[in-house]
Amino acid sequence: EFNDDRRELLAAVLDECEPGKTLLDYGGGVGIFSLPLAEKGCLVTHLDLPGPLLEFARYRFANRGLDAKIIAATSEEPLSQRYEIILSVFVVEHLVDPSRTLSHLERQLAPGGKLLLAVDFEDHRESDELLPLHLTHLDREEYYVEIERLGLVRTGGHRELDVFMRKGDI
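Quick caveat, the model's predicted, so the values are computed rather than measured.

Describe the pattern of salt bridges, naming the residues involved and giving the relevant values.
Scanning all chains against the criterion turns up 12 salt bridges. Across the pair E84 and K21 runs a salt bridge whose closest N-O atoms are separated by 3.9 Å. Pair noted here: E84 is in strand β4 (residues 83-89) and K21 is in the loop between α1 (7-16) and β1 (22-26), with a separation of 63 residues, a long-range link. Residue classification places K21 among the partly exposed positions, given a relative accessible area of 27%. One continuous salt-bridge network, built from bridges that share partners, spans E16, E18, K21, E84 and K114.

Structure, rendered in structure tokens:
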């Protein structure tokens, strides 16, 4: 459950997402972000790896009577439709190939759409701190170079959250 440690981030995400927009929560876990977005009126697709977290999210949506499309990611590029908003919070650093996933997400972004990303960079951590679930040790500068390579521009954000759009859509 949401334990209030992400209140500011959740508020920033909610501010960026308008009701009626198609929204993908990529790596949505138990629905900390996608549930309030569905309550706000976004047309939510919730994606995560198959397993207990995804099933718990499915239960939480049903228990609240909220409509959402629930997708189990069974391949590296599981998406086939476009979304007006794509959200991914603290997921990129857990991926084997973040560049491939970011490219996949960019291709699924509808014209004029927004990509909202929060990434846990390691540049603020102690050098001996182990992060065994981080499959990629992300360098902040390399990340932003990759974002630029994809043709995305940062148009806003708040602390941990970056908001990107395609150069041609701004």
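Can you explain the side chain of E146? Please cite residues and give values.
Along the chain, E146 falls in helix α5 (residues 140-149). The contact partners of E146, leaving out residues within four places of it in the chain, are S99 and L102.

Describe the sheet that holds strand β5 (residues 109-118), listing the residues and the values that go with them.
In sheet architecture, strand pairing relies on hydrogen bonds along the backbone and comes in two forms, parallel and antiparallel. Taken in spatial order, the 7 strands make up an open sheet running β3-β2-β1-β4-β5-β7-β6, and their pairing is mixed. Looking along the sheet, the strands with just one partner apiece sit at the ends: β3 (69-72) and β6 (152-158). For this sheet, the mean inter-axis angle between neighbouring strands, taken without regard to orientation, is 20 degrees. Each of β5, β6 and β7 (161-166) touches α5; the most contacted strand, β7, lies at about 25 degrees to it.

Outline the environment of A73, supporting the account with residue identities and numerical values.
Topologically, A73 is positioned in the loop between β3 and β4. Put simply, A73 and G27 are 46 residues apart on the chain and 8.8 Å apart in space, counted from C-alpha to C-alpha. Residues in contact with A73, not counting those within four places in the same chain, are L47, D48, L49, P50 and P78.

Give me the lowdown on the pairing of β7, citing residues and values where you can.
Side-chain positions along a regular strand alternate between the two faces of the sheet. Among the 6 residues in β7, 6 count as buried, and that is most of the element. Here β7 shows two buried faces, one formed by L161, V163 and M165 and the other by D162, F164 and R166. In this structure, β5 lies alongside β7, joined through 4 bridges in antiparallel fashion. Paired with A118 across the bridge in β7 is L161.

What counts as what
- Residues numbered from 1 in each chain as written.
- Predicted model: local features only at pLDDT ≥ 70, side-chain atom pairs only at ≥ 80, totals over all residues.
- Heavy atoms only, no water.
- Salt bridge = Lys/Arg side-chain N within 4 Å of Asp/Glu carboxyl O.
- Helix = DSSP H or I, 4+ residues; strand = E, 2+ residues; numbered from the N terminus.
- Buried < 20%, exposed > 50% of the residue type's maximum accessible area, 1.4 Å probe, protein only.
- Contact = heavy atoms within 4.5 Å.
- Pairing = 2+ DSSP bridges.
- Axes fitted to C-alpha atoms, helices over the stretch in contact; angles between N-to-C directions.

Functional significance is not addressed by these values, which are geometric in nature.
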